[in-house]
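Spelled out from the first residue to the last, the chains are:
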Amino acid sequence: MLSDSFKGLTPRDLLEIMKMNNLSFSHETQTGAVFHMIGCLSQYGQTGVTCIANTIEDAEQMMIDIRQLLLAESMRYPKSSMIPPTLHNSEVKKELYGDNAARAQRREDLEVQQANAFELDPLGLISITVGAPTELADIRMLVLCCVHGNEVPGLRAINNLLHRGELQRWAKSCMAKNSQLRLMIANPKATVLGKRCVEHNLNRIMPEGKGRYSLEAMREAYGYEGERAFAVATAIRKSTHLLDIHSASSPAPVHLFPGRTKGSKELALQCPAGFLVSEICYFTSRPGTTIGLADEVGVVAIGAEVGQHNDTASVKAAEDLIKGFLNAVHNIPVPADAKRAPPTELTCVGVEIVKKGFSFVKPIMPFQFITGGTKVAEDDEGDIIIKKDAFIALPTTLPVVGEEAFFYCEAAPSHSRSPSIGSD
C-alpha cells in the first residue's frame, strides 16, 4: 500500500488508527489486519498489510477501509475550497472527530453511545455505523446518500441529524431492539466535485448476478466508480433494510420507489411522501441499480426523490424521511399531530429513452396527467406521442442520449386520479 499522502505517519500513529477503528487483528475472531514494513511509512509513504476475514469480499472491503483511514489521517484538514459545506461542516467534524488529543476520548464516548464505527478519507465523512454490533443486529439498516454526487439533500439531512444529536439518541434507544444503522456517502469524490458522477453512473453499475464479483474486476471495468460500487454493494448485501436518497434538478414532490422484496411497499407506505411508484426501477435504461441489487439479495428497499438538489425544503424532507424510515422499520407509531395522508400509489408501465435531438414540446411537471394522443416531445426520429392516458414521472431536464427521458405510470387500483395532480 503506497501513497505520498501517508508520509509523516509514524508506526505508533498507524497502530493507534487501527485500534480505534477495530481493524487490528483479533485473536478471538481470527480476523483483522496485520501490517509489515511499517518503518517505511513515515519516510516513503509505504507499508504492507495482510487482511484476514471470513470471506474474500470482507477482506477486500477491509483493505478499502484501511486505505481510506490512512488517507484520512494524513489529510485530516483538507483545504476548505476543495470540499463543499456538506462535507466540511466544522461543527459536525468537531463533534465527531475532535483534534488529535481528543480523538481517543471521543472514541470512548462513541462506544458508550454504541456508535461503534466511523470511517474517514480525504473527502470527509464516508460512513458512520451506530447501534448494535453487526453480529448482534437482527435489523441492519443502510441509508445511502450521494449515489449521484450532485444530489446532496440526503447528506445535509444526515449532517443536521448528527449535529442535533437525534441519530445518536435514536441509536442509544434502539440497542434494546438489536438494530444497527449505517449512514453512507456512496460517491464521495463526485460529491466533492459537485458532479453527478466522475465517469460512470453509480446507480447503473451495481454488481448484480449470483456470481462472485471482485474489487479488482469492478475497478478495472469502471475505475473509481467501480470501487465505490463494490463498497456500496457489499454494504447492501450486509443489510436487511435500505433507504437510498436522491434529489432532482427541478422541483418535485417527495416520491418513493419501493423494491419487489416482500415488505418494501408496505414500509414505503408508512414513510412521509406524496407519491409511491412501484416497478420504476425495472424500467431504467440499464440494470445495476441499488434497488435491483437489494431485490436480488432479499433486502427490503426504498429509493426516494426528496425534491430539488439545492432546495432547503428538500433537506427537511430528507430529514423527515430518514426519521420516518427508522420509525417504520421498528413499528414505532407516528404521533397524532405528525400523521399525514398516505402517498398516492402509481405503477410504472413504461419508459421513454432519450434519442438524439430529444426535447419536450412544452414543460412537463412531475406526475402530470397526460391524455392519450398528446404529443409531449420530439427527437430526430419524429414525434413522441402518449398512446394512452398516463402520469409522467421523472421528466428529465438534462437529456442524455441513452438515459431515461421520462416514465409512464398508471394509478394503482386503490387510487383514482387525484385532483391535486396537474393535467395537460
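Relevant structure appears above.
The structure contained in this document is the topic of the report that follows. These numbers were taken from a predicted model, which means no experiment stands behind them.

Each helix and strand in the protein was counted, giving 12 helices and 17 strands. Counting across all 424 residues of the protein, residues that qualify as buried make up 53%. Of all intrachain contacts in the protein linking residues separated by at least 6 positions in sequence, the fraction that spans at least 24 positions is 70%. Counting only carbon and sulfur atoms, one obtains 54% of the accessible surface of the protein, whose full area is about 19000 Å².

On to helix α6 (residues 153-163). When you tally the buried positions in α6, you get eight out of 11 residues, the bulk of the element. Taken residue by residue, α6 has Pro153, Gly154, Leu155, Ala157, Ile158, Asn159, Leu161 and Leu162 as its buried positions. Note on α6: the residue one or two positions beyond its end, Gly165, has a positive phi of about 80°.

With the rule as written, the count across this model stands at five aromatic pairs. Consider the rings of Phe275 and Phe367, whose centres lie 4.1 Å apart with planes at 5°: the pair is stacked. One end of the pair, Phe275, is in strand β9 (residues 275-278); the other, Phe367, is in the loop between β12 (359-360) and β13 (368-370), with 92 residues separating them in the sequence. Residues Phe275 and Phe367 agree in their burial class; the two are buried. Grouping aromatic residues by their ring pairs yields a cluster made of Phe358, Phe360, Phe406 and Tyr408.

To continue, consider the pattern of salt bridges. One pass over the structure, following the stated rule, counts 13 salt bridges. Residue Arg204 is joined to Glu404 by a salt bridge in which the shortest nitrogen-to-oxygen separation is 3.1 Å. With a gap of 200 residues between them, Arg204 in the loop between α8 (188-193) and α9 (215-237) and Glu404 in strand β17 (residues 404-411) connect regions that are remote in the sequence. Across this residue pair, the class does not change: Arg204 and Glu404 are buried. Between Arg260 and Glu279 there is a salt bridge, and its shortest N-O distance comes to 2.6 Å. Note that Arg260 is positioned in the loop between β8 (255-258) and α10 (264-269) and Glu279 in the loop between β9 and α11 (290-296), a separation of 19 residues in sequence. When its relative accessible area of 25% is taken as the criterion, Glu279 is described as partly exposed. Through salt bridges that share partners, Arg164, Glu166, Glu319 and Lys323 make up one connected network.

Even without being glycine, Glu279 reaches a positive phi, approximately 75°. Of note in the backbone geometry, Phe367 takes a positive phi value of approximately 70° without being a glycine.

Contact geometry for α6 and helix α12 (residues 312-329): axes closest at 8 Å, N-to-C directions at 65°. Regarding the angle of α6 to α12, the classification is roughly perpendicular. Read as a crossing pair, α6 and α12 show a hand that is right-handed. Where α6 approaches α12, its residues Pro153, Gly154, Arg156, Ala157, Ile158, Asn160 and Leu161 are matched on the opposing element by Ser314, Val315, Ala318, Glu319, Ile322 and Lys323. Its residues assigned to classes, the contact of α6 with α12 comprises seven nonpolar, three polar and three charged.

A few words now on the sheet that holds strand β14 (residues 375-379). Taken in spatial order, the three strands line up as β12-β14-β15 in an open sheet, and their pairing is antiparallel. Every other strand in the sheet has two partners, leaving β12 and β15 (382-385) as the edge strands with one partner each. Pairing of β12 with β14, which is carried by two bridges, proceeds in the antiparallel orientation. Looking at the pairing, Phe360 lines up with Ala377 of β14.

Parameters at a glance
- Residues numbered from 1 in each chain as written.
- Predicted model: local features only at pLDDT ≥ 70, side-chain atom pairs only at ≥ 80, totals over all residues.
- Heavy atoms only, no water.
- Helix = DSSP H or I, 4+ residues; strand = E, 2+ residues; numbered from the N terminus.
- Buried < 20%, exposed > 50% of the residue type's maximum accessible area, 1.4 Å probe, protein only.
- Contact = heavy atoms within 4.5 Å.
- Areas by Shrake-Rupley, 256 points an atom, 1.4 Å probe, with all protein chains shown as cover.
- Phe/Tyr/Trp six-rings, centres within 6.5 Å; stacked < 30°, edge-to-face > 60°.
- Salt bridge = Lys/Arg side-chain N within 4 Å of Asp/Glu carboxyl O.
- Axes fitted to C-alpha atoms, helices over the stretch in contact; angles between N-to-C directions.
- Parallel < 35°, antiparallel > 145°, perpendicular 65-115°, else oblique.
- Left-handed = near helix turned anticlockwise from the far one by under 90°.
- Nonpolar A, V, L, I, M, F, W, Y, C, P; charged D, E, K, R; others polar.
- Pairing = 2+ DSSP bridges.

Interpretation note: all reported values are geometric properties and have no functional meaning in isolation.
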